[in-house]
Amino acid sequence: MYSSPIQNLIDEFNKLPGIGPKTSERFVFYLLKKPKEEVEKFIWAIKCLREKITLCSQCFNFSEKNPCFTCANPKRNHSMICVVAEPQDIAVLEKTKEYQGVYFVLGGLLNSIRGITPEKLRIKQLIKKISLRQPPVKEIILALNPNLEGESTVLYLTKLLKTREIKITRLAQGLPMGSELEYADEVTLSNALKGRREV
Ligand SMILES: [Zn+2]
């Protein structure tokens, strides 16, 4: 058993996604061997992250400003909304330099086994954003993960939005099934965006 300052930090690292107890231990001992200034830098970076980053109230992406740079940009096409599951997906789509519209972060994907029901996602907020019609939304691109959760979310949203006079499209096939958008390469994603089809 380690002394409590060591064990406490091991427990904190252990809470991070994809990090097990062994890796947590390695992190802690790595930090213990580092000069104090370097550890201070690390603490400072975490502190700044929580103090400076907020949620954009229009697209729900993390941002230093509200509205975020994309939502506040008059050069972006505000009648086109690309719906993504997580903020990280926006970063990959932006890298393709293909997309000129705005975004909307759902905050996850439907998953009945894990209890992620429509109420747990920002579906109400999405409907509200569309209903505002300022400007009127002409196209909604569903850029969701090509896996089971992504598919059921696409089905649910299509059914829900189909009655409105909005073109609903989804990314073209080409992204490997079962994969996550976050890890897609720019060329594949750019092609999937260009070849998007109506649902
Ligand atoms: Zn925004």
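Not measured: the values here are computed from a predicted model.

Thresholds, definitions, all that
Throughout, residues of each chain are indexed from 1 in the direction in which the sequence is written. With pLDDT at 70 or above as the cut-off, local features in this predicted model cover only qualifying residues; side-chain atom pairs require 80 or more to be listed or tallied, and sums for whole chains, interfaces and linings still use all residues. Where side-chain values are given, they derive from all heavy atoms of the structure, hydrogens and water being excluded. Residue types Ala, Val, Leu, Ile, Met, Phe, Trp, Tyr and Cys, when buried and joined through side-chain atoms within 4.5 Å, form a set referred to as a nonpolar core. Relative accessibility under 20% of the residue-type maximum defines a buried residue, over 50% an exposed one, and the middle range a partly exposed one, all with a 1.4 Å probe and only protein chains included. Numbering goes from the N terminus for both helices and strands, where a helix is a DSSP run of H or I of at least four residues and a strand is a run of E of at least two. Contacts are assigned to residue pairs with any non-hydrogen atoms lying within 4.5 Å of each other. Any N, O or S atom lying within 2.8 Å of the metal counts as a donor, with the limit raised to 3.2 Å for Na, K and Ca; because water is left out of the atom set, some sites can appear incomplete. Four donors are marked tetrahedral only if all angles between them lie between 85 and 135 degrees, whereas four are marked square planar and six octahedral if opposite donors are more than 155 degrees apart and the other angles lie between 65 and 115; the remainder are marked irregular. A pair of Phe, Tyr and Trp rings is counted when the ring centres sit within 6.5 Å of each other, with Trp represented by its six-membered ring. The angle between the planes then sorts it: under 30 degrees is stacked, over 60 is edge-to-face, the rest tilted.

1. So, the nonpolar core
Working step 1: In this structure, Val83, Leu93, Leu157 and Leu171 are the most contacted members of the largest nonpolar core, which totals 41 residues.
Working step 2: Broken down by secondary-structure element, the contributors of at least two residues to this core are strand E3 (77-84), helix H5 (87-95), strand E4 (101-105), helix H6 (123-132), strand E5 (139-142), helix H7 (148-161) and helix H8 (186-194).
Working step 3: When residues of this core are assigned to their parent elements, the largest contribution, five residues, is made by E3.

2. Observations concerning H5
Working step 1: Restricting attention to buried positions, one finds in H5 the residues Pro87, Asp89, Ile90, Val92 and Leu93.
Working step 2: Residues of H5 that are buried in the fold lie against strand E2 (62-63), E3, E4 and H8.
Working step 3: Backbone geometry just downstream of H5 places lysine 97 in the positive-phi region, at approximately 55 degrees.

3. With respect to the coordination of the zinc ion
Working step 1: Here the zinc ion is held by the protein donor atoms Cys56 (SG), Cys59 (SG), Cys68 (SG) and Cys71 (SG), which lie 2.3 Å from it.
Working step 2: In this structure, the zinc ion is surrounded by four donor atoms whose angles at the metal cover 106 to 116 degrees, and the resulting shape is tetrahedral.
Working step 3: Site description for the zinc ion: donor spacing in sequence, C-x2-C-x8-C-x2-C. For the pair shown, cysteine 68 and cysteine 71 are each scored as buried.

4. Here we look at the environment of glutamate 38
Working step 1: Along the polypeptide, glutamate 38 turns up in helix H3 (residues 36-52).
Working step 2: Note on glutamate 38: relative accessible area 40%, which makes it partly exposed.
Working step 3: Distance from glutamate 38 to proline 17, taken between C-alpha atoms, is 24 Å for residues 21 residues apart in sequence.

5. Notes on the packing of aromatic side chains
Working step 1: Per the stated rule, a full pass over the model turns up four aromatic pairs.
Working step 2: Both rings, one in phenylalanine 13 and one in phenylalanine 27, keep their centres 5.1 Å apart while their planes meet at 70 degrees; by these two values the pair is edge-to-face. Here the residue phenylalanine 13 occupies a position in helix H1 (residues 4-14), and phenylalanine 27 occupies one in helix H2 (residues 21-33), the gap between them amounting to 14 residues.
Working step 3: The exposure class of phenylalanine 27 is partly exposed, given its relative accessible area of 31%.

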